[in-house]
Amino acid sequence: MLPARVERGDHLGRYAPMGIAARSKGPKRPKSTIRDTFFFFFEHFVPRVFCFALSVQKWAESFGKEIASLSAKYSGAELLQKKYKDVEGGLKMEEVDGEELVKTFAEEMEKMLGRKMKSVKRLAEAAEDADLYHEYNDTLEFEYYNSMLINTVDEDGNPLPLGGDFPLEKNEHFSKLPVNTQQSNIQVPTNVYNRDTDILNGAYMSEALNDVFMDNFQKDPTLTWQYFGSSSGFFRLYPGIQWTPDENGVVTFDCRNRNWYIQAATSPKDVVIVVDVSGSMKGLRLTIAKHTINTILDTLGENDFVNIIAYSDYVRYLEPCFKGILVQADLDNREHFKLLIDGLHVKGEGKVKKAMKESFKILNEAAAVGQGSLCNQAIMLITDGAMEDFQDVFEEFNWPERRVRVFTYLIGREMTFAENVKWIACNNKGYYTHISTLADVQENVMEYLHVLSRPMVINHDHDIIWTEAYMDSVLFNSQAQSLLLMTSVAMPVFSKKKETLSHGILLGVVGTDVALKELMRLAPRYKVKSPSFTHASSFISTMTLD
């Protein structure tokens, strides 16, 4: 508000704000002017602001002096300047050739990665030769070192079977974990019987890898973990370690679910998962179906594409935004699908014919426009039975080429419609499995990987793969170890036996890990400014995956 003019003798001073009664006894004064307002604020407020500004300035100067004093005291700047002056005469500026620097760095990286690939090739050759000369024995008895049971005794103090004394010593190179650099040992998932005939034969055959593991490590001391993941489920790891289960005594780690195994064992693929949510799938059947879908998703990687369809009386997409398309099976999309799977519920009657038509439509359109993996294509049908006439769907969309493989999973103990479900798989170059309990899911889902790998195995395509960079969060999640950003190099192992050559039998996958910090050690940091080096770090993370 503008001030009102008052008499000088009034105790409010020369001016008083409007709304405050002035004590002048004279007649009313005219309204105040802009000049009057300016004088009022200048007289009453400017001195206060000026005093406050001086206080802030003094405080800032005092704070600055204190910071400078602390820096000089604890940073060692003066000592550094003195040392620089002592050697200044012997220093000279040298121009760095950026192009030559990058070229040298790339050559060093190529040599390092080349050594890793040679190590993996030696492992693959040794595994294939060991299998070639191994005669499968149905009654084989063999005591191998089980990483869960080593150095463990029973109530009477006796070593557990498949255990025994296994010396371990902390090793700086292996993240200070207790390891045995003279011996590998074997991890078997809880859901796999550790004395299964396939496990015993595979463990016996792969003992030949011990010498190759140690020889590789001697030739290349920068190597970290080397391993052989068997198609039967066991995981041979060098150096050997003590594997610690979770709080429930369970080891869920399965090497066949790891990205390096999946990428090496199969070619990229387009997958449409079709799940029956009709009324008959209620209760345990739906629980098994959900677990089956999640397990299939776990076998997919960055090079794969996927979509999920649910059907009963009608067909619906689990994610409506993905209608009619395939999406990359990266971690985000897989986790998103898993959340949606939890919300599935059953009702109505199952109409598999409509669902199959929609699945073929997705895959055919993707192939026609050059989308998806442009490689293998498959439909995964999860149901408790197929009652209607569906043969004409395959005649229209898939025969005679049978370009799309159809894998079927019969859910529940009821076998009434088993023949129909089996017919669908067998007539479309797929595989039929029966899943009656939750414990059956893992092993039965894995069968499709063997089928998709057959063409590659028959042709003996020993392609070396590099995974995308990932955090090591599963292999040693029970150990006191910080997470490392790394990539893995892996290679498939095939059976070379004449009697099985035409069958295309995948024995497993060999590989080794490469921590990205090892690559960064090759970068000449002292020659590169910080911003450039930061850019180089991101460049390496990307280049390693190509």
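All of these numbers come straight from a predicted model, not from anything done at the bench.

### Some remarks on the confidence of the model for the protein chain
Move 1: For the protein chain, mean pLDDT is 84; residues scoring 70 or higher make up 84% of the total.
Move 2: Every residue in residues 1–26 is under pLDDT 50, and counting partners more than four places away or in other chains gives 39 contacts.
Move 3: Within the model, pLDDT remains below 50 along residues 474–481, and this stretch shows 19 contacts once partners closer than five positions in the same chain are excluded.

### With respect to the layout of surface pockets
Move 1: Space inside the second largest pocket adds up to approximately 610 Å³.
Move 2: Taken together, 26 residues make up the lining of the second largest pocket; nearest its centre are Tyr136, Asp198, Ser231, Ser232 and Leu507.
Move 3: Those elements that provide at least two residues to the lining of the second largest pocket are helix H5 (197–205), helix H13 (441–458) and strand S19 (506–515).
Move 4: Looking at which domains feed residues into the lining of the second largest pocket, each of domain 1 (123–253 + 474–540) and domain 2 (267–447) gives three or more.

### Points about a nonpolar patch on the surface
Move 1: On the surface, a nonpolar cluster with roughly 660 Å² of combined accessible area is contributed by Val56, Trp59, Phe63, Ile67, Leu70 and Tyr74.
Move 2: The topology assignment puts Phe63 in helix H2 (residues 46–74).
Move 3: A relative accessible area of 46% means that Phe63 is categorised as partly exposed.

### Some thoughts on unusual backbone geometry
The phi angle of most residues is negative, glycine excepted, and most peptide bonds adopt the trans form.
Move 1: Cis peptide bonds are those with omega within 30 degrees of zero, and the linkage from Tyr238 to Pro239 qualifies with -5 degrees.
Move 2: Note that Pro239 resides in the loop between strand S7 (235–238) and strand S8 (240–241).
Move 3: Trp399 connects to Pro400 through a cis peptide bond whose omega is 0 degrees.
Move 4: Along the chain, the position of Pro400 falls in the loop between helix H11 (391–397) and strand S14 (405–411).
Move 5: In this structure, Ser175 takes a positive phi of about 55 degrees despite not being glycine.
Move 6: Position of Ser175 relative to the elements: it lies in the loop between strand S3 (169–171) and strand S4 (177–180).
Move 7: Phi at Lys176 is positive, roughly 60 degrees, even though this residue is not glycine.

### Regarding empty space enclosed by the protein
Move 1: On inspection of all chains with the given rule, the structure shows two cavities of 30 Å³ or more.
Move 2: Together, Val277, Ala310, Ser312, Tyr314, Arg316, His345, Val346 and Lys347 line the largest cavity.
Move 3: Partitioning the lining of the largest cavity into residue classes produces four nonpolar, two polar and two charged.

### Concerning the pattern of salt bridges
Move 1: The final tally for this structure, using the stated rule, is 16 salt bridges.
Move 2: A salt bridge links Arg115 to Asp220; its shortest N-O distance comes to 3.8 Å. Taken as a pair, Arg115 in helix H4 (residues 98–132) and Asp220 in the loop between helix H6 (209–219) and strand S6 (226–230) lie far apart in primary sequence, 105 residues in all.
Move 3: Its relative accessible area of 37% is what places Arg115 among the partly exposed residues.
Move 4: Note on Asp220: relative accessible area 3%, which makes it buried.
Move 5: The partner of Asp254 in a salt bridge is Arg256, and the shortest N-O contact between them spans 2.8 Å.
Move 6: A relative accessible area of 4% places Asp254 in the buried class.
Move 7: Taken together, the salt bridges that share partners define one network made up of Arg115, Lys116 and Asp220.

### Examining the sheet that holds S8
Move 1: In space, the three strands of this open sheet follow the order S3-S4-S8, with antiparallel pairing throughout. Looking along the sheet, the strands with just one partner apiece sit at the ends: S3 and S8.
Move 2: Pairing of S4 with S8, which is carried by two bridges, proceeds in the antiparallel orientation. Paired with Asn180 across the two strands is Gly240, which belongs to S8.

The rules behind the values
- Residues numbered from 1 in each chain as written.
- Predicted model: local features only at pLDDT ≥ 70, side-chain atom pairs only at ≥ 80, totals over all residues.
- Heavy atoms only, no water.
- pLDDT = per-residue confidence, 0-100.
- Contact = heavy atoms within 4.5 Å.
- 1 Å grid on protein atoms, 1.4 Å probe; cavity = no way out; pocket = protein on both sides within 12 Å on 5 of 7 lines; lining within 4 Å.
- Points joined across faces, edges and corners; volume = space filled by probe spheres on them.
- Helix = DSSP H or I, 4+ residues; strand = E, 2+ residues; numbered from the N terminus.
- Domains from an automatic or database assignment.
- Patch = residues over 30% accessible without salt bridge, like charges linked within 9 Å, V, L, I, M, F, W, Y side chains within 5 Å.
- Areas by Shrake-Rupley, 256 points an atom, 1.4 Å probe, with all protein chains shown as cover.
- Salt bridge = Lys/Arg side-chain N within 4 Å of Asp/Glu carboxyl O.
- Buried < 20%, exposed > 50% of the residue type's maximum accessible area, 1.4 Å probe, protein only.
- Nonpolar A, V, L, I, M, F, W, Y, C, P; charged D, E, K, R; others polar.
- Pairing = 2+ DSSP bridges.

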